Amino acid sequence: MQPSLSPKNWFMRLGLVRYLNARPLDFAFQTDTERCTGVTCHPDTPARLVEQLLAGELDAALISSVECFRNADRLAWCDSVGVASESEVQSLLYLRRECDDLDIPVKRIYLDEGSRTTVALVRLLYLRRFGHLPECVSLPPEEIPAMLDADTAGLLIGDAALSMFKSPAGFHFHDLVTWWRSETGLPFVAALWAYPKEKAALFKDGFFESSLEWGLARMDEILARYGEEYRAYLTEALHYRLTAEDRRALAVFSGLLQEKGLL
Ligand SMILES: C=C(O[C@@H]1C=C(C(=O)O)C=C[C@H]1O)C(=O)O
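Residues numbered from 1 in each chain as written. Predicted model: local features only at pLDDT ≥ 70, side-chain atom pairs only at ≥ 80, totals over all residues. Heavy atoms only, no water.

Novice: An account of the side chain of Ser254 is requested, with residue identities and associated values reported.
Specialist: Along the chain, Ser254 falls in helix H11 (residues 244-259). Every residue in contact with Ser254, bar those within four places of it in the chain, is listed here: Phe69 and Leu263. (Helix = DSSP H or I, 4+ residues; strand = E, 2+ residues; numbered from the N terminus. Contact = heavy atoms within 4.5 Å.)

Printed below as a string of structure tokens:
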């Protein structure tokens, strides 16, 4: 018999990233009601989840890795599981109209308002390549493609990026983890489970690791629900058990952001 995922007599509010990429990490919380009694799930964008976590409205949440660095005085996090990618991730995209050059500077970048980590990543990569930052404007992802013109680029993450990757009619893009790897030779970690430091004791004993194992063991069920066409995305483009190299990538990302004043 497997241990209960929720500590006894504990009512736990968990913030879940609503994009498909997070499903192996949270499938247990959403579907294994027997082992997750007392757990309530709050799906949202990563940008809103960190606000809710810091406001005390959640006990733990999957949040943008950059927000762990920014809030290291208040938050602790699990460094053994997360949303990570070796190279082409398919769902973190720097986007331009197909008729415009991807490799020249733009006047403005429209940023997916749900993102924090990839906003920092695109700023970092852009700054390293072009030596300055353009104007940056946050928008809901569904509004971004229609806003693009000869002077602008867009950043999309999650499901909106994934559908653009699969059918980019009229657009082309740089995959941001491919770009990051070409600069650093490292993988990239987009999201981590974080919680207030004073609640750290609740999340010991492999809490998030065991929910991930549960989800990975049910990959066929996840794909039956969301579509077999996402198998390579969830099992090859992404990985969830973090390696020493992933932890090194997090430290390098944090150091480079700090150096450029982007934290
Ligand atoms: C890989 C992705 O990572 C996501 C990107 C995030 C961000 O940019 O802040 C946060 C959580 C991740 O789930 C994705 O959305 O495609």
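Novice: Residue-level account of helix H4 (residues 117-130), with values.
Specialist: With 14 residues, H4 should cover 20 Å at 1.5 Å per step; its first-to-last C-alpha distance of 20 Å lies within 8% of that length. Among the 14 residues that make up H4, 11 are buried, leaving the element largely enclosed by the rest of the structure. Within the sequence span of H4, burial applies to Thr117, Thr118, Val119, Ala120, Leu121, Val122, Leu124, Leu125, Tyr126, Leu127 and Phe130. (Expected span 1.5 Å × (residues − 1). Buried < 20%, exposed > 50% of the residue type's maximum accessible area, 1.4 Å probe, protein only.)

Novice: Outline the packing of aromatic side chains, supporting the account with residue identities and numerical values.
Specialist: One pass over the structure, following the stated rule, counts 17 aromatic pairs. For the pair Phe29 and Phe207, a centre-to-centre distance of 5.5 Å together with 25° between the ring planes defines the contact as stacked. A residue pair is termed long-range when its members are at least 10 positions apart, and Phe29 in helix H1 (residues 23-31) and Phe207 in helix H8 (residues 207-217) qualify at 178 residues. Each member of the pair, Phe29 as well as Phe207, carries the same accessibility label: buried. Chaining the aromatic ring pairs together yields one cluster made of Phe29, Trp193, Tyr195, Phe203, Phe207 and Phe208. Over the ring of Trp214 we find Arg218, and its NZ or CZ is 3.7 Å from the ring centre. (Phe/Tyr/Trp six-rings, centres within 6.5 Å; stacked < 30°, edge-to-face > 60°. Lys NZ or Arg CZ within 6 Å of the ring centre and 35° of its normal.)

Novice: Go over the packing of H1 against helix H9 (residues 219-226), please, and point to the residues and values.
Specialist: Helix-helix packing is described using two parameters, namely the angle between the two axes and the distance between the axes. Two elements in contact, H1 and H9, have axes separated by 11 Å at closest approach and are oriented at 90°. What the angle tells us is that H1 and H9 run roughly perpendicular. Between H1, through Arg23, Pro24, Phe27 and Thr31, and H9, the contact on the second element is made entirely by Met219, Glu221, Ile222, Arg225 and Tyr226. A per-class count over the contact of H1 with H9 returns five nonpolar, one polar and three charged. (Axes fitted to C-alpha atoms, helices over the stretch in contact; angles between N-to-C directions. Parallel < 35°, antiparallel > 145°, perpendicular 65-115°, else oblique. Nonpolar A, V, L, I, M, F, W, Y, C, P; charged D, E, K, R; others polar.)

Novice: I'd like a rundown of the state of the cysteines, residues and numbers included.
Specialist: One pass over the structure, following the stated rule, counts zero disulfides. This cysteine, Cys68, is not joined by any disulfide, and Cys78 carries the nearest cysteine sulfur, 10 Å off. Cys68 gets classed as buried once you look at its relative accessible area, which sits at 0%. Residue Cys78 is classed as buried on the basis of its relative accessible area, which comes to 8%. (Disulfide = S-S within 2.5 Å.)

Novice: Outline the site of the ligand, listing residues and values.
Specialist: Of all residues adjacent to the ligand, which total 17 residues, the nearest are Asn21, Ser64, Ser91, Ser115 and Thr118. Within the side chain of Ser91, one N or O atom sits 2.5 Å away from an oxygen atom of the ligand. With respect to the ligand, the backbone of Thr117 contributes an N or O atom lying 2.9 Å from an oxygen atom. The fraction of the free accessible surface of the ligand (380 Å²) that becomes covered by protein chains is 100%. Elements with a minimum of two residues in the shell around the ligand: H4 and strand E10 (188-196). Here the residues of the shell around the ligand are counted per class, giving nine nonpolar, seven polar and one charged. Viewed by domain, the shell around the ligand spans two of them, domain 1 (12-83 + 189-250) and domain 2 (92-184), each represented by three or more residues. (Near = heavy atom within 4 Å. Polar contact = N/O pair within 3.5 Å; in protein donor to acceptor, adjacent residues only side chain to side chain. Areas by Shrake-Rupley, 256 points an atom, 1.4 Å probe, with all protein chains shown as cover. Domains from an automatic or database assignment.)

Novice: Which residues make up the pattern of salt bridges, and what values do they have?
Specialist: One pass over the full model with this rule turns up 17 salt bridges. When the shortest N-O distance is used, the salt bridge between Asp151 and Lys107 registers 3.7 Å. Separated by 44 residues along the polypeptide, Asp151 in the loop between helix H5 (144-147) and strand E8 (152-157) and Lys107 in the loop between strand E5 (92-97) and strand E6 (108-112) bring together distant segments of the chain. Given the relative accessible area of 35%, Asp151 is considered partly exposed. Here Glu183 and Arg128 are joined by a salt bridge, their closest N and O atoms 2.8 Å apart. Here Glu183, found in helix H7 (residues 176-184), pairs with Arg128, found in helix H4; they are 55 residues apart in sequence, far enough to count as distant. Overall, the relative accessible area of 35% leaves Arg128 in the partly exposed class. Residues joined in a network through salt bridges with shared partners are Glu51, Glu67, Arg70 and Arg116. (Salt bridge = Lys/Arg side-chain N within 4 Å of Asp/Glu carboxyl O.)

Nothing here speaks to function; it is geometry throughout.
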